[in-house]
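In case you want the letters, here they are:
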Amino acid sequence: MKKAEESLNKRYGFKRTLNFLKCFILPLIIYLIFAVGSKGRFGSAGTMYVLLKQCIFPCLIAWGISFVMQMGVFDLSPGAVIVLAGIIGGNLAQMTGTGFAGMILFTMLFGMILTLITCTVFVFTRLPSLIVSLGMLMIYETLTMVLFHGGGVSIPADWRVLYQEPYVFIVLIGVFLIFFFLQNYTRFGYHVRALGNGTQIAMNIGVNLKKTRYIAFMIEGLFLGLAAVMDMSITGSEIAVTSMLSCGTAFSAIMAVMVGMYLAKYCGMLLGTFIGAFSLKIIASGMLAFGWSAQMQKVGNGIFLIVFIGISQNLALLLSKKAKRQRKLRLEQEAAQMNARG
């Protein structure tokens, strides 16, 4: 009995390890395509290290919206929230003389306030999330042009520390651990997964839909506020945006989360989303090595998303059909054996 149990544990451990390694097939394939296709212009160790560092900012955004997306809600306003929260937080920190700490506090606070406003509009209007978030995006972008006379914000050089090493990786690890705890060891994380598997069923077993959505949007706001601080650390400023230019930030994060939701069955939502963000950075850098324009890079990202989702959805269908055929064949063989015995 003990040997059988040990054998079962070994097989289970081997399967988990194999599934974990499967997650890295996607970025590896993308890397090989661009490394070989660019004839050495892309793919050095230094380049990959830079890409790893660059993907932290979009990964913060993707992790921020992932709880919302797991419940079937799409938010297109993260880019506008980042810009507006950064402008407000940076200016208030300078006006109050609270320095870098004040910028972090104000920016994360207003990031949370803005996403809670979006959630409130979504909950009480009962409109589709895409329509609500698109409307809020346009409002937030307009506010970036109105507040502080549309001048945005520029921060002192000594405030631009969050993107420096090792702080940028400390932020990554810290957010990783927070997300991991919320996803796996809290009632909130359980409720999010339950709502993702069926809203009405989850509500029937006692999950509070409105409360869970508010908490998810609040966490999103905190993550977006931190992303705004990192964005200002990278560029040194935050400028007003208009004409829905911030929408691209949301689309990149949504693509990373969608990849993460597929890879979650192999390595979990947290790591899957990070791999998705890293894969998109590899694609962007690889297309740049090919000499593609910014417009063509957007086309490439769109093609990647369509191909990835198409393959993942059809692969699941094909595997299901294959399993049914094998089960049918096994039943037919068993029936033939019973007839032969009879």
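Our subject is the structure that appears above.
The structure contained in this document is the topic of the report that follows. Not measured: the values here are computed from a predicted model.

Observations regarding the overall build of the protein
Along its length, the protein carries 14 helices and two strands. Within the protein, counting contacts between residues at least 6 apart in sequence, those at least 24 apart form 79% of the total. A total accessible area of about 18400 Å² is found for the protein, and carbon and sulfur atoms account for 67% of it.

Concerning helix α8 (residues 167–184)
If you check α8, its first and last C-alpha atoms are 26 Å apart, about what 18 residues at 1.5 Å a residue would give, namely 26 Å. Buried within α8 we find Val168, Val171, Leu172, Val175, Phe179, Leu182 and Gln183. Along the axis of α8, the buried residues cluster in a sector spanning 105 degrees; they form a single face. Looking at α8, the residues exposed on the side facing more than 90 degrees away from the buried face are Ile170, Ile173 and Leu177.

Here's the deal with the packing of aromatic side chains
Following the criterion strictly, the structure yields nine aromatic pairs and no others. Here Trp63 and Phe179 contribute two aromatic rings whose centre-to-centre distance is 6.1 Å and whose plane-to-plane angle is 35 degrees, an arrangement assigned as tilted. In this pair, Trp63 sits in helix α4 (residues 56–70) while Phe179 sits in helix α8, placing the two residues 116 residues apart along the sequence. Neither residue differs from the other here; Trp63 and Phe179 are each classed as buried.

Comments concerning unusual backbone geometry
With omega at 0 degrees, the peptide bond leading from Glu165 into Pro166 counts as cis. Among the structural elements, Pro166 can be located in the loop between β1 (153–154) and α8. A positive phi angle is found at Arg126, which is not glycine, with a value near 60 degrees. Here Arg126 is to be found in the loop between α6 (99–125) and α7 (129–146).

Rules and cut-offs
- Residues numbered from 1 in each chain as written.
- Predicted model: local features only at pLDDT ≥ 70, side-chain atom pairs only at ≥ 80, totals over all residues.
- Heavy atoms only, no water.
- Helix = DSSP H or I, 4+ residues; strand = E, 2+ residues; numbered from the N terminus.
- Contact = heavy atoms within 4.5 Å.
- Areas by Shrake-Rupley, 256 points an atom, 1.4 Å probe, with all protein chains shown as cover.
- Expected span 1.5 Å × (residues − 1).
- Buried < 20%, exposed > 50% of the residue type's maximum accessible area, 1.4 Å probe, protein only.
- Arc of directions from axis to C-beta.
- Phe/Tyr/Trp six-rings, centres within 6.5 Å; stacked < 30°, edge-to-face > 60°.

Geometric descriptors of this kind do not, in isolation, establish any biological role.
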